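Tertiary structure, described
Single-letter residue listing:
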Amino acid sequence: MNILLLGPQGSGKGTQARLLVEKYKFFYFESGGFLRETASKNEELRKSLAAGQLVPDSEMASYVESYLDEKGQYDNIIFDGFPRTLTQYKTLKNWLEDKNVKIDLVIILKIDRQTTIKRLSSRRIDLQSGKIYNLITDPPPTGVDQTKLVQREDDKPDAIEKRLAWYDSLVLPLIDVLRNETKVIEINGERSIEEIQKDLITEIDKLK
Ligand code: AMP
């Protein structure tokens, strides 16, 4: 089973995906993390991410395909952050069809704009452990040195606005197309991590 996880930045996709990976042993493909890792060895990509630019569709598709080919992974994947455009989706769909698999479920985590802004501006990364915390919804446990927590450049106000604008102009039209092609469920992302996870498990188990 392949799952697309969509939702505005800060909707909790990463948190939910990691819990699903633990439970069902899905392969987790997170485009942002993958690109940041790739950029550490690719100066041009590093510059374009730092400038807050979306990676062009054709380049993005070729990165994803060669990465998954290298891993030999075509099924049992949770895609987070990819596809983000209609063109990326069409390329992925054709590519999966060639492997005789498909996208079985699209999960949209819904949160309103105010919540997105509040959550993103309170997200912090622990540089030592790589763990991601949210000062409001998922604060670091006592013992974590708060001075080691940093904010991602693209979690700052100007970049947040830019990323939300992409979501509206690129992902919302993609969701309209997905509704006609596959099973799409919408989940209220403004609840506790546990409540959301329970709903996701119910939906996934229906398809197992
Ligand atoms: P994220 O962590 O998902 O917000 O992604 C971080 C950055 O990686 C984005 O701001 C984009 O520059 C780039 N990126 C991630 N996913 C994609 C994608 N599917 N297409 C193009 N660029 C992407």
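Let me begin by describing the structure that accompanies this report. (Residues numbered from 1 in each chain as written. Predicted model: local features only at pLDDT ≥ 70, side-chain atom pairs only at ≥ 80, totals over all residues. Heavy atoms only, no water.)

This brings us to unusual backbone geometry. The omega torsion of the bond from Phe82 to Pro83 falls at 0 degrees, within 30 degrees of zero and hence cis. Note that Pro83 resides in the loop between strand 3 (77–80) and helix 5 (86–98). Of note in the backbone geometry, Lys25 takes a positive phi value of approximately 60 degrees without being a glycine. Residue position: Lys25 is located in the loop between helix 1 (13–24) and strand 2 (27–30). Assessed through its relative accessible area of 63%, Lys25 is described here as exposed. (Helix = DSSP H or I, 4+ residues; strand = E, 2+ residues; numbered from the N terminus. Buried < 20%, exposed > 50% of the residue type's maximum accessible area, 1.4 Å probe, protein only.)

With that out of the way, let us pick up the nonpolar core. Counting 29 residues, the largest nonpolar core has Phe29, Leu68, Phe79 and Leu92 as the members making the most contacts within it. Sorting the residues of this core by element identifies strand 1 (3–6), strand 2, helix 2 (31–39), helix 4 (57–71), strand 3, helix 5, strand 4 (105–110) and helix 7 (157–181) as the ones contributing at least two each. Residue contributions to this core peak at five residues, all from helix 7. When neighbours within four sequence positions are excluded, Phe79 is seen to be in contact with Asn2, Ile3, Leu4, Leu5, Phe29, Leu68 and Leu92. Ile3, Ala17, Tyr24 and Phe26 belong to the second-largest nonpolar core, a separate cluster that totals 17 residues. (Core = buried A, V, L, I, M, F, W, Y, C linked by side-chain atoms within 4.5 Å. Contact = heavy atoms within 4.5 Å.)

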